[in-house]
Amino acid sequence: MMKYFPLNCTQFIVKIDLLNRIRLVITRRKNGGGVLIAISTNITSVVNIIPIGHKAEFLALELVLEDKSKIVLSTCYRVGTLGAENFNAITETLKMLLRKKKLRKLYFIGDLNLPGIEWDEGTARTVLETNFVEGFAEMNLLQLIKTPTHSKGNILDLLFVNSNQSITDVNVHGEGGYCKSDHFPITFNILQRCPRKPRNRRMCYSYKNADWESLNKDLCQVNWDGVFNYTESENAWNEFTVILQKLVNRHIPKFTIKDEFKPPWFDSECFESGKMKDKLHRKFKKSKTLSNELNFRKARKDFKKLLKSKMRKNLDDSKGSTLAKKFWSHVKSITKSSRIPEVMSRKGVSSSSAVSKANMFNKFFIEQFSQSSNYSVDIDFTNDALTNNIDFSADRILRLLNNIEVNKAQGPDGINGIVLRNCAVSLCHPLSKLFTFI
């Protein structure tokens, strides 16, 4: 699916599959205007920017497909009002694109501002418009927009292809359909298989459905003294984490996150309420009866009320939660954007995977510190009063666990703060033994 959005009559956006993230390429003039092409980053095709050797507002991207063939997406702005020099530069560029090796299809769309052309008859009012019609006919480019694209009834936004068999469902939407402009949005489908990257799915614990009573009961039944006896401190810690992880997996269910931008409060209850609203809406649209309309309106009202309630509860700060973190989680789900870009570059190296980006951050932070010093000072803490009098009692650890901030990220041990707080009574004894043992 491709969509063309004219914005304030001076720029537009072309999007493929309009998904969560986009790659942007933009050229701009000093006095405004500009063109932009946005492509979803979940496609696996190689995308190349085609260099243009003139100052016309023209932009072209090349998509290399699996079989090494190519399609070109191109756009321009205001051919008709910028004179013959601008028009000649654009037509020469299109001829160059059509001569590319292994070119399969070329798509050209934009606000060309040529109101004097009658496309059904192939006639024009001015010399420039006549040259335009003849030049594009010579290149065998077909113009597919037949209805007005402007509020004054003119066809100003045009779509050209070198094969109309590769495109379907060309629609010119009414004013205000997608954006505020006196030009109308255009959508169309390209019949081209373009593989996508697999979605990042991850398993997460459903803490709200956890059986905390059974988990605490099983933890209390573990013979921790026997687990920690006759073993080194490192082995004792490993044994503790293995047992805890096993019991957590037993009593806390998991669910799969398919969309990283899913609102954090949108749970199964919201999902079922939304399904019921949609079901009643379809029923009302089919029957048009008053009773079905009232049922749909009530379901819609209940759905909105439930969403607002869930959102307020999620952003509630009464339990000492980190409100800022929850707020930005809300912003992320609404805007479908992340503070970490899709592709990061540093010192000429680009990274797109999560691991490579994390390593890039690590290297950057390491470089901010000086080299470690090499002192030969003998420090002995054997008789240090401060370190020898630390309170590792079970009561002290219980108080600390009950005050843990559950919205903070878990540490390298992988134990979530929600587990530590809800299992404080059953974990204070083994942790006390571990700290004393170490």
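Residues numbered from 1 in each chain as written. Predicted model: local features only at pLDDT ≥ 70, side-chain atom pairs only at ≥ 80, totals over all residues. Heavy atoms only, no water.

**A closer look at the sheet that holds strand S9 (residues 142-143)**
The mixed open sheet is built from six strands, whose spatial order is S5-S6-S7-S8-S10-S9. On the outer flanks of this sheet lie strand S5 (46-49) and S9, each paired with one strand and no other. Alignment of strand S6 (residues 58-64) against strand S7 (residues 70-77), held across seven bridges, turns out to be antiparallel. Bridge assignment links Ala60 to a residue of S7, and that residue is Ser74. Strands in contact with helix H1 (residues 83-98) are S6, S7 and strand S8 (103-111); relative to S8, the strand with the most contacts, it is inclined by about 160°. (Pairing = 2+ DSSP bridges. Helix = DSSP H or I, 4+ residues; strand = E, 2+ residues; numbered from the N terminus. Contact = heavy atoms within 4.5 Å. Axes fitted to C-alpha atoms, helices over the stretch in contact; angles between N-to-C directions.)

**Here we look at the pairing of strand S10 (residues 157-161)**
Counted residue by residue, S10 has five buried out of five residues, so it is predominantly covered. The two faces of S10 match: Asp157, Leu159 and Val161 on one face and Leu158 and Phe160 on the other face are all buried. As judged from the five bridges shared by S8 and S10, these two strands associate in the antiparallel manner. If you follow Gly110 over to S10, its bridge partner there is Leu158. (Buried < 20%, exposed > 50% of the residue type's maximum accessible area, 1.4 Å probe, protein only.)

**Observations regarding the packing of H1 against helix H2 (residues 127-138)**
Packing of H1 against H2 brings their axes to within 11 Å, and their N-to-C directions diverge by 5°. Regarding the angle of H1 to H2, the classification is roughly parallel. Touching Ala84, Phe87, Thr91, Leu94 and Lys95 of H1 are Leu128, Asn131, Phe132, Phe136 and Glu138, all from H2. Considered class by class, the residues forming the contact of H1 with H2 number six nonpolar, two polar and two charged. (Parallel < 35°, antiparallel > 145°, perpendicular 65-115°, else oblique. Nonpolar A, V, L, I, M, F, W, Y, C, P; charged D, E, K, R; others polar.)

**Some details on the packing of aromatic side chains**
Scanning all chains against the criterion turns up 15 aromatic pairs. With centroids separated by 5.9 Å and ring planes inclined at 65°, the aromatic side chains of Phe132 and Phe160 adopt a geometry described as edge-to-face. One end of the pair, Phe132, is in helix H2; the other, Phe160, is in strand S10, with 28 residues separating them in the sequence. No difference in accessibility class separates Phe132 from Phe160, as the two residues are buried. Considering the side-chain rings of Phe364 and Phe365, the 5.5 Å spacing of their centres and the 65° angle between planes classify their relative orientation as edge-to-face. Relative accessible area serves as the criterion here: at 46%, Phe365 is assigned to the partly exposed category. Through a chain of ring-to-ring contacts, three or more aromatic side chains come together here, namely Phe58, Phe108, Phe132, Phe136 and Phe160. (Phe/Tyr/Trp six-rings, centres within 6.5 Å; stacked < 30°, edge-to-face > 60°.)

**Notes on the pattern of salt bridges**
In the structure shown here, the tally under the stated rule is eight salt bridges. Between Glu62 and Lys70 there is a salt bridge, and its shortest N-O distance comes to 3.8 Å. Assessed through its relative accessible area of 6%, Glu62 is described here as buried. Note that Lys310 is salt-bridged to Glu269, the shortest N-O span being 2.9 Å. (Salt bridge = Lys/Arg side-chain N within 4 Å of Asp/Glu carboxyl O.)

**So, the nonpolar core**
Grouped together as the largest cluster of nonpolar side chains are 47 residues, with contacts concentrated most on Leu94, Phe108, Phe132, Phe136 and Phe160. For this core, the elements supplying multiple residues, two or more each, are strand S4 (32-40), S6, S7, H1, S8, H2, S10 and strand S12 (186-190). Those residues within four positions of Phe136 in sequence are excluded, and the remaining contacts are Phe87, Thr91, Leu94, Phe108, Leu141 and Phe160. The next biggest cluster of nonpolar side chains, apart from the first, holds 26 residues, and it includes Trp224, Phe228, Leu420 and Cys423. (Core = buried A, V, L, I, M, F, W, Y, C linked by side-chain atoms within 4.5 Å.)

Just distances and angles here, no functional claims.
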